[in-house]
Amino acid sequence: MIKSFLYKVIERRHFWRYASFNEIAELYASRTIRVIAMNIVSGFTSVYLYEAGFSLQFIMWFWLYFYLLKIPCTFISGYFVARFGPKHGILVSNLLYVPSMAALGLMPQFGIISIIAWGIFMAMSASMYHISYMIDFSKVKNIEHAGKEIAFMNILEKIAIGISPIVGGVIAYWFGLQIVIWVAALLFAVSALPLIKLIEPVRTHQTIEYSGYPWRETLPSISAQTGVGFDYVTTGIVWSLFIVIVVFPGVGWDVYIRLGVLSSVTILAAVAASYTYGKLIDKSKGGSLLNLSVLANAVVHAFRPFVSTAPSIVGINIANEVATMGYNMAFMRGVFDTADLSGHRILYLCLSDIVANVGAAIACIVLLACTIMLGDIEGLRVFFFFAAGFVLLIGTAHFRIYRK
């Protein structure tokens, strides 16, 4: 059903040049199922560990090691994609997430061993998927309408993201988070099915060449990825923990429903923003969008420590969604253009992802330092001020496409 719907929409819009409509529908059917699988559980994993009795510092040490592990995994993923192609990489990534979810589901029985296995398989899967998907999309996009295509991708994802946390929260409340985890594992397996018939959009059996790489042209956008990684940890991990530890302490297991609802209310703003931002990018206003969105995102982080009620959480979530999507879409457009111009698409995207993981690891270190010195609650509050300053690095990318 998902594949049929995507086929009709994409064929009518004529977005793609290098792949058939049927192949793109298969890719996006797989991605939609993966996004649902990720988001019925991903927003709750840190909270799950916290509610299970693990300390905030233990959780952040886990994420620090996770992002450090992703760095070598990204290199391995780059070589795999160069050899076998991005669709094979996506297929392997989806299958790798099944044992990851299984390990997390067995955490009550096996404890720390399950957490380690979960982290290892998740790091391998996440690295492989991000590199594969970015290379695939970078290759098949339409240069004239890339902003519109990114908008379509975001709208599709945000609809799935908007629905899945509520579904996951309800299932977690009634049946426990372990059931949600097993459902996610099943969905990851199902998401691999549309990719069984693989036709690669890029040349396979490639080698990654380091000689002649345009460091001067690509280094600004690569270094700016530290801000992207820092922001991802701030919004995706720390914010959920802040809500549970500071805003709703001692709520109990119904916290999953609250988190699900609070995460899902942004869907309308996300869809509207995606459509608008896509048009702005295609009208050569992506540079202004990037700078203004980064500044807005920094302001949002600066206000997070003062949040104390559900309505204020909703307001922050909506503001963050609008700001983050603005810089993310404009940044992604610049990344794809740089990948095209570099002549080293796979190496450039691998280096970008590695530096983003470094930024995420730095965020974990900063939060650990804050909590060790100030305690959990005050440490979380102070961390957001560091985040407000650090994310400004995203605006230093200086993409060539925005200098015209």
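Residues numbered from 1 in each chain as written. Predicted model: local features only at pLDDT ≥ 70, side-chain atom pairs only at ≥ 80, totals over all residues. Heavy atoms only, no water.

### Digging into the overall build of the protein
Along the protein, the regular secondary structure elements total 16 helices and zero strands. The buried share of the protein, taken over its 404 residues, is 56%. Sequence-distant contacts in the protein: of pairs separated by 6 or more residues, those separated by 24 or more amount to 86%. Of the roughly 16400 Å² of accessible surface on the protein, a fraction of 69% belongs to carbon and sulfur atoms. (Helix = DSSP H or I, 4+ residues; strand = E, 2+ residues; numbered from the N terminus. Buried < 20%, exposed > 50% of the residue type's maximum accessible area, 1.4 Å probe, protein only. Contact = heavy atoms within 4.5 Å. Areas by Shrake-Rupley, 256 points an atom, 1.4 Å probe, with all protein chains shown as cover.)

### Some points on the side chain of S132
Counting through the fold element by element, S132 comes out in helix 7 (residues 112–140). In contact with S132, other than residues within four places in its own chain, are V81, P86, G89 and I90.

### Remarks on the environment of I208
Tracing the sequence through the fold places I208 in the loop between helix 9 (177–191) and helix 10 (215–247). With near-sequence residues (within four places) excluded, I208 lies in contact with G78, Y79, A82, I346 and L347.

### Focus: helix 15 (residues 345–374)
For helix 15, which comprises 30 residues, the first-to-last C-alpha distance of 44 Å matches the rise-based estimate of 44 Å (1.5 Å per residue) to within 8%. Along helix 15, 23 of the 30 residues are buried, which leaves the element largely enclosed by surrounding structure. Once helix 15 finishes, G375 follows within two positions and takes phi at roughly 90°, a positive value. (Expected span 1.5 Å × (residues − 1).)

### Thoughts on the packing of helix 14 (residues 310–342) against helix 15
Helix 15 packs onto helix 14 with a crossing angle of 140° between their chain directions and a minimal axis gap of 8 Å. Comparing the axis directions of helix 14 and helix 15 gives the class oblique. For the pair helix 14 and helix 15, the sense of crossing is right-handed. Taken together, the residues of helix 15 that come into contact with helix 14 (itself represented by V335, T338, A339, D340 and S342) are R345, Y348 and L349. Split by residue class, the contact of helix 14 with helix 15 holds four nonpolar, two polar and two charged. (Axes fitted to C-alpha atoms, helices over the stretch in contact; angles between N-to-C directions. Parallel < 35°, antiparallel > 145°, perpendicular 65-115°, else oblique. Left-handed = near helix turned anticlockwise from the far one by under 90°. Nonpolar A, V, L, I, M, F, W, Y, C, P; charged D, E, K, R; others polar.)

### Re the nonpolar core
M60, W63, Y67, W118, V233 and F383 are the most contacted members of the largest nonpolar core, which totals 50 residues. I90, L351, V355 and V391 belong to the second largest nonpolar core, which has 45 residues in total. (Core = buried A, V, L, I, M, F, W, Y, C linked by side-chain atoms within 4.5 Å.)

### Considering a nonpolar patch on the surface
Together, L106, F110, I112, I113, I116, I120, I179, W182 and V183 make up a nonpolar patch on the protein surface, roughly 790 Å² of accessible area in all. Only helix 7 and helix 9 provide two or more residues apiece to the nonpolar patch. Top element by residues in the nonpolar patch is helix 7. It accounts for four residues. Of note, L106 is situated in the loop between helix 5 (86–105) and helix 6 (107–110). A residue is classified by how much of its surface remains accessible, and L106, at 32% relative accessible area, is partly exposed. (Patch = residues over 30% accessible without salt bridge, like charges linked within 9 Å, V, L, I, M, F, W, Y side chains within 5 Å. Salt bridge = Lys/Arg side-chain N within 4 Å of Asp/Glu carboxyl O.)

### Overview of the pattern of salt bridges
Tallied over the full model, the rule gives three salt bridges. Residue E217 pairs with R400 through a salt bridge whose shortest N-O separation is 3.3 Å. Separated by 183 residues along the polypeptide, E217 in helix 10 and R400 in the segment after helix 16 (376–390) bring together distant segments of the chain. Under the relative-accessibility criterion, E217 is labelled partly exposed at 27%. With its nearest N and O atoms 2.8 Å apart, the salt bridge here joins D340 to R345.

### Here we look at the packing of aromatic side chains
Tallied over the entire structure, the rule returns 20 aromatic pairs. Taking the centre distance of 5.3 Å and the plane angle of 90° together, the rings of W63 and F66 count as edge-to-face. Placement of the pair is W63 and F66 together in helix 4 (residues 56–84), with a separation of three residues, close to one helical turn. Accessibility assignment for this pair places W63 and F66 in one class, buried. Within the aromatic cluster, the residues linked to one another by ring pairs are F230, W239, F242, F383, F384 and F390. A cation over an aromatic ring shows up here: R83 above the ring of F84, its NZ or CZ 5.8 Å from the ring centre. Sitting over the face of the ring of W239, R304 holds its NZ or CZ atom 4.6 Å from the ring centroid. (Phe/Tyr/Trp six-rings, centres within 6.5 Å; stacked < 30°, edge-to-face > 60°. Lys NZ or Arg CZ within 6 Å of the ring centre and 35° of its normal.)

### Describing the side chain of T74
Among the secondary structure elements, T74 is positioned in helix 4. What makes T74 buried here is its relative accessible area of 0%.

### Topic: the environment of R345
Along the chain, R345 turns up in helix 15. Distance in space between the C-alpha atoms of R345 and S138 is 8.4 Å, their sequence separation being 207 residues. A polar atom in the side chain of R345 sits 2.8 Å from the side chain of D340. (Polar contact = N/O pair within 3.5 Å; in protein donor to acceptor, adjacent residues only side chain to side chain.)

### A short note on the environment of L351
Here L351 shows up in helix 15. Under the relative-accessibility criterion, L351 is labelled buried at 13%. Along the chain, L351 and I71 lie 280 residues apart, while their C-alpha atoms are 9.3 Å from each other. Excluding anything up to four places from it in sequence, L351 contacts Y213, W215 and I222.

### Looking at the packing of helix 10 against helix 15
Contact pair helix 10 / helix 15: the axes reach a minimum separation of 6 Å and the direction vectors enclose 40°. In this view, helix 10 runs oblique relative to helix 15, as classed from their interaxial angle. The hand of the helix 10/helix 15 crossing is right-handed. Facing W215, T218, S221, I222, S223, Q225, T226, G229, F230, V233 and V238 of helix 10, the residues of helix 15 in contact are Y348, L351, S352, V355, A356, G359, A360, I362, A363, C364, V366 and L367. Its residues assigned to classes, the contact of helix 10 with helix 15 comprises 15 nonpolar, eight polar and no charged.

Distances and angles like these do not, on their own, reveal function.
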